[in-house]
Amino acid sequence: MSKRKTPGLNTQSTADIAFLLLCYFLMTSTMDQQSGLQRRLPPMPDKDQKTEDTKVNKRNIIIVKINSADRLFAGDQLMDVSQLKDKIKEFLTNPANDPNLPERENKFIEGFGEYPVSKGVISLQNDRGTSYQAYIAVQNELVKAVNEIRDDFSRAQYGKVFANLNEDQQKIVKEAIPQNISEAEPKDVTKK
Amino acid sequence: MPELGTSSDIVFMFLFFFMVTSQLRSNEVKVKVKLPEATEVVKLERKDLSSYINIGSPTAQYQAQFGTDARIQLNDSFKTVDDIRDFIAAEREAMSEADRQLMTVSIKADQDVRMGIITDVKQELRRCSALKIMYAANKAAAK
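Calculation criteria
- Residues numbered from 1 in each chain as written.
- Chains lettered and ligands numbered in written order.
- Predicted model: local features only at pLDDT ≥ 70, side-chain atom pairs only at ≥ 80, totals over all residues.
- Helix = DSSP H or I, 4+ residues; strand = E, 2+ residues; numbered from the N terminus.
- Contact = placed C-beta atoms within 7 Å.
- Core = buried A, V, L, I, M, F, W, Y, C linked by C-beta atoms within 7 Å.
- Buried ≥ 20, exposed ≤ 12 C-beta atoms within 10 Å, placed from the backbone.
- Pairing = 2+ DSSP bridges.
- Axes fitted to C-alpha atoms, helices over the stretch in contact; angles between N-to-C directions.
- Parallel < 35°, antiparallel > 145°, perpendicular 65-115°, else oblique.
- Left-handed = near helix turned anticlockwise from the far one by under 90°.
- Nonpolar A, V, L, I, M, F, W, Y, C, P; charged D, E, K, R; others polar.
- Right-handed = clockwise from strand over helix to strand, strands pointing away.
- pLDDT = per-residue confidence, 0-100.

Caption draft 1: Geometry of the overall build of chain B. In terms of helices and strands, chain B carries 4 helices and 10 strands. Ordering the α and β elements of chain B from the N terminus gives α-β-β-β-β-β-α-β-β-α-β-α-β-β. Considering only intrachain contacts with a sequence separation of at least 6, the fraction spanning at least 24 residues in chain B is 75%.

As structure tokens, then:
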């Protein structure tokens, strides 16, 4: 039997098919990166539990308030959002050991040793009429302040910025400079 | 006629690139959401473990029915704050035991929304103990 030549497969249409598939995926997919500010909400207090006033020493707390007209108060001072970062940095680092600014407590950090950790807490309060944009702008400044302090610390200790440290080092830095932002209980909800 | 044998390969490469880098559009957004901008944003790590709550005023085609006030959209429909509990429960149910701890609720709110509705949502999330949240925001160019 004479061997017949196998006919060449017609492959001209594969490109069209692939194009169609490509178009389908282009239409149905999104490529936008999801990003945002990550937060952890405090757990809801039990109903039966007495609301114990965990008295935080007054010097350890800074109240950041945004009113319904998106005006910002930080520690009873009216200020612009651009000034907030430096105020928070000063509050958290307390470079001059001011008795009105938060105290530091020596804490043992695994893998690092003793470090005076600031006990400062930022309490963020807002009105129901505050715009979301202003709220995020303030949140962003608070995170930025903490991030800058962490960067300074990382540079002093490891000679690198925080983002370039390895996981263990980041953990140490996070422990040395905690991000204590408390989003206060809304006033009108607790008053039930 | 010149041969065009490689063009299908190239197109296939394109196709694979898009298949790998993209995720399917989850659902139709019925509220207008223009995310606020922030410089210190972090990436959402596990997209499969996150649920989305959209908050904003309804888009033009729904305004006749739902008005222009800020509304909450869960999955595909307009809901109220009270429905969040069921929504979170359903989302939790769909996850494996180990992943439930890592669930993140991403709040996608329009930048012009008032904080009142967001505070309500936050309180409801606390009641359902869905404590890991994320305020969705676009990365702004650092000044």
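Caption draft 2: Fine view of unusual backbone geometry. We note that A:D70 has phi near 60°; this positive angle belongs to a residue other than glycine. Mapped onto the fold, A:D70 is located in the loop between strand 3 (61–66) and strand 4 (72–74). Positive phi, normally seen in glycine, also occurs at B:S129, with a value near 45°. Locating B:S129 in the fold gives a position in the loop between helix 4 (115–127) and strand 9 (132–136).

Caption draft 3: Broad picture of the nonpolar core. Counting residues in each nonpolar core, the largest one holds 51 residues, and the members touching the most others are A:V138, B:I55, B:I107 and B:A137. Every residue in contact with B:A137, bar those within four places of it in the chain, is listed here: A:S35, A:G36, A:L37, A:I136, B:L35, B:P36, B:E37, B:A38 and B:V41.

Caption draft 4: Seen up close, the sheet that holds strand 4 of chain A. Residues and elements named next belong to chain A. Across the sheet, which stays open at both edges, the 5 strands sit in the order 5-4-3-8-9 with mixed pairing between neighbours. Of all the strands in the sheet, the pair left with one neighbour each is strand 5 (77–79) and strand 9 (181–183). Each strand axis lies, on average, 25° off the axis of its neighbour in the sheet, ignoring direction. In this sheet, strand 8 (residues 121–126) lies alongside strand 3 in parallel orientation, the contact comprising 6 bridges. Along strand 8, the bridge assignment pairs I62 with I122. Along the sheet, helix 2 (residues 81–93) makes contact with strand 3, strand 4, strand 5 and strand 8, crossing strand 4 at roughly 15°. Lying over the sheet, helix 3 (residues 132–158) contacts strand 3, strand 4, strand 8 and strand 9, oriented at roughly 155° with respect to strand 3.

Caption draft 5: Structural view of the packing of helix 1 (residues 12–28) of chain A against helix 1 (residues 7–21) of chain B. One can describe the packing of helix 1 of chain A onto helix 1 of chain B by two numbers: an axis separation of 9 Å at closest approach and a directional angle of 20°. It follows that helix 1 of chain A is roughly parallel to helix 1 of chain B by the angle criterion. Of the two elements, helix 1 of chain A crosses helix 1 of chain B, and the hand of that crossing is left-handed. The residues of helix 1 of chain B that touch helix 1 of chain A, namely those facing A:T14, A:A15, A:A18, A:F19, A:L21, A:L22, A:F25 and A:L26, are B:S7, B:S8, B:V11, B:F12, B:F14, B:L15, B:F18 and B:M19. Its residues assigned to classes, the contact of helix 1 of chain A with helix 1 of chain B comprises 13 nonpolar, 3 polar and no charged.

Caption draft 6: Layout of the packing of helix 2 of chain A against helix 3 of chain A. Residues and elements named next belong to chain A. In contact at an axis separation of 9 Å, helix 2 and helix 3 are set at 40° when each is read in the N-to-C sense. Taken together, helix 2 and helix 3 sit at an angle that is classed as oblique. By crossing handedness, the relation of helix 2 to helix 3 is classed as right-handed. The residues of helix 3 that touch helix 2, namely those facing V81, L84, K85, I88, K89, L92 and T93, are A137, V138, E141, L142, K144, A145, E148 and I149.

Caption draft 7: Looking closely at the interface of chain A and chain B. Facing the 41 residues of chain A at the interface are 47 residues of chain B. For the side of chain A that touches chain B, a count of residues per class yields 18 nonpolar, 18 polar and 5 charged. Two elements, strand 2 (residues 35–40) of chain A and strand 4 (residues 42–43) of chain B, share 2 bridges in a ladder whose sense is antiparallel. Counterpart to A:G36 in the pairing with strand 4 of chain B is B:V42.

Caption draft 8: Structural detail: the pairing of strand 6 (residues 71–74) of chain B. Residue and element names in this part refer to chain B. Residue alternation in strand 6 divides its side chains into two sets, R71 and Q73 and I72 and L74, and both sets are buried. As paired elements, strand 6 and strand 7 (residues 77–79) share 3 bridges and run antiparallel to each other. Looking at the pairing, Q73 lines up with F78 of strand 7. In sequence, strand 6 turns back onto strand 7 through a hairpin of 2 residues, with N75 there showing a positive phi of about 50°.

Caption draft 9: The arrangement of the pairing of strand 8 (residues 104–109) of chain B in detail. Residue and element names in this part refer to chain B. Counting buried positions over the 6 residues of strand 8 gives 6, a clear majority of the element. Along strand 8, one buried face is formed by T104, S106 and K108 and the opposite face, lined by V105, I107 and A109, is buried too. Pairing of strand 5 (residues 50–58) with strand 8, which is carried by 6 bridges, proceeds in the parallel orientation. Bridge pairing in strand 8 links N54 to K108. Bridge count for strand 8 against strand 9 is 3 bridges, and the pairing is parallel. The residue of strand 9 that forms the bridge with I107 is Y135. With respect to chirality, the unit in which strand 8 leads through helix 4 into the neighbouring parallel strand 9 is right-handed.

Caption draft 10: Up close: the confidence of the model for chain A. Residues and elements named next belong to chain A. Summary statistics for chain A give a mean pLDDT of 78 and a share of 86% for residues scoring 70 or more. Across chain A, the secondary-structure element scoring lowest on mean pLDDT is helix 5 (residues 187–190), at 46, and the one scoring highest is helix 3, at 87. Note that residues 188–192 has pLDDT below 50 and, in this model, 2 contacts with residues that lie over four places away or in other chains.

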